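# Reading the structure
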Amino acid sequence: MATLAQIEALEKRKAKIAQTISAVKKDLRGEKKKAEDHVKLALGGAVLAFFEHENCPHTIRHVILTKADQGVQKQGLGREKFEDLKARFKKTEEQK
C-alpha cells in the first residue's frame, strides 16, 4: 500500500514532468514559428526575384502587390519599405 510520503513524491514527479512537457511544447511552438517564418521569407524572396525578371507580367505584379498591401501595416517603417518597393517596380514598368 502506498504511503503518504510516496504519494507526495509521486505528485512532485508528476508536477516536474508536467513542467517539462510544457517547456518542450513551448520550444516546439517556437521551432514551428521559425520554420513558418523561414518558408514565408523564402517565398517572398522568390516573388521579389520573379518581379525582377523581365518576363514577369505587370498584371501579376500588380495583383500580388495589391494583395500584399492589405497585410502591410498602415504606417511605420514596414509601410515605408513597402511603398519604396512598389515605387521601384512602378518605375521598372514605366521604363518598359
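Report follows, based on the coordinates. (Residues numbered from 1 in each chain as written. Predicted model: local features only at pLDDT ≥ 70, side-chain atom pairs only at ≥ 80, totals over all residues. Heavy atoms only, no water.)

### Structural notes on the layout of surface pockets
Looking at the largest pocket, its volume works out to about 220 Å³. Around the largest pocket, the lining comprises 10 residues; the ones closest to its centre are Arg-61, His-62, Leu-65, Lys-86 and Lys-90. Those elements that provide at least two residues to the lining of the largest pocket are helix 2 (58-71) and helix 3 (77-95). Here the lining of the largest pocket gets 6 residues from one element, more than from any other, and that element is helix 2. If you add up the space inside the second largest pocket, you get close to 150 Å³. Gly-44, Val-47, Leu-48, Phe-51, Ile-64, Leu-65, Ala-68, Phe-82 and Leu-85 together form the lining of the second largest pocket. Secondary structure elements with two or more residues in the lining of the second largest pocket: helix 1 (4-52), helix 2 and helix 3. Broken down by element, the residue count for the lining of the second largest pocket peaks at 4 residues, all from helix 1. Split into classes, the residues belonging to the lining of the second largest pocket amount to 8 nonpolar, 1 polar and no charged. (1 Å grid on protein atoms, 1.4 Å probe; cavity = no way out; pocket = protein on both sides within 12 Å on 5 of 7 lines; lining within 4 Å. Points joined across faces, edges and corners; volume = space filled by probe spheres on them. Helix = DSSP H or I, 4+ residues; strand = E, 2+ residues; numbered from the N terminus. Nonpolar A, V, L, I, M, F, W, Y, C, P; charged D, E, K, R; others polar.)

### Observations regarding the pattern of salt bridges
Applying the stated rule across the entire model yields 6 salt bridges. Glu-52 is the salt-bridge partner of Arg-88, the closest N and O atoms lying 2.4 Å from each other. Within this pair, whereas Arg-88 is found in helix 3, its partner Glu-52 is found in helix 1, the two being separated by 36 residues in sequence. Residue Arg-88 is classed as partly exposed on the basis of its relative accessible area, which comes to 42%. A salt bridge links Arg-79 to Glu-83; the shortest N-O distance between them is 2.8 Å. Of the two residues, Arg-79 and Glu-83 both sit in helix 3, 4 residues apart, roughly one turn of that helix. Here the residues in one salt-bridge network are Asp-69, Arg-79, Glu-83 and Lys-86, joined through shared partners. (Salt bridge = Lys/Arg side-chain N within 4 Å of Asp/Glu carboxyl O. Buried < 20%, exposed > 50% of the residue type's maximum accessible area, 1.4 Å probe, protein only.)

### A look at the packing of helix 1 against helix 2
The geometry of helix 1 relative to helix 2 is characterised by a closest axis approach of 10 Å and an angle of 145° between their N-to-C directions. For the crossing formed where helix 1 meets helix 2, the hand is left-handed. Listed contacts from helix 2 to Val-47, Phe-50 and Phe-51 of helix 1 are Ile-60, Arg-61, Ile-64 and Leu-65. Its residues placed into classes, the contact of helix 1 with helix 2 shows 6 nonpolar, no polar and 1 charged. (Axes fitted to C-alpha atoms, helices over the stretch in contact; angles between N-to-C directions. Left-handed = near helix turned anticlockwise from the far one by under 90°. Contact = heavy atoms within 4.5 Å.)

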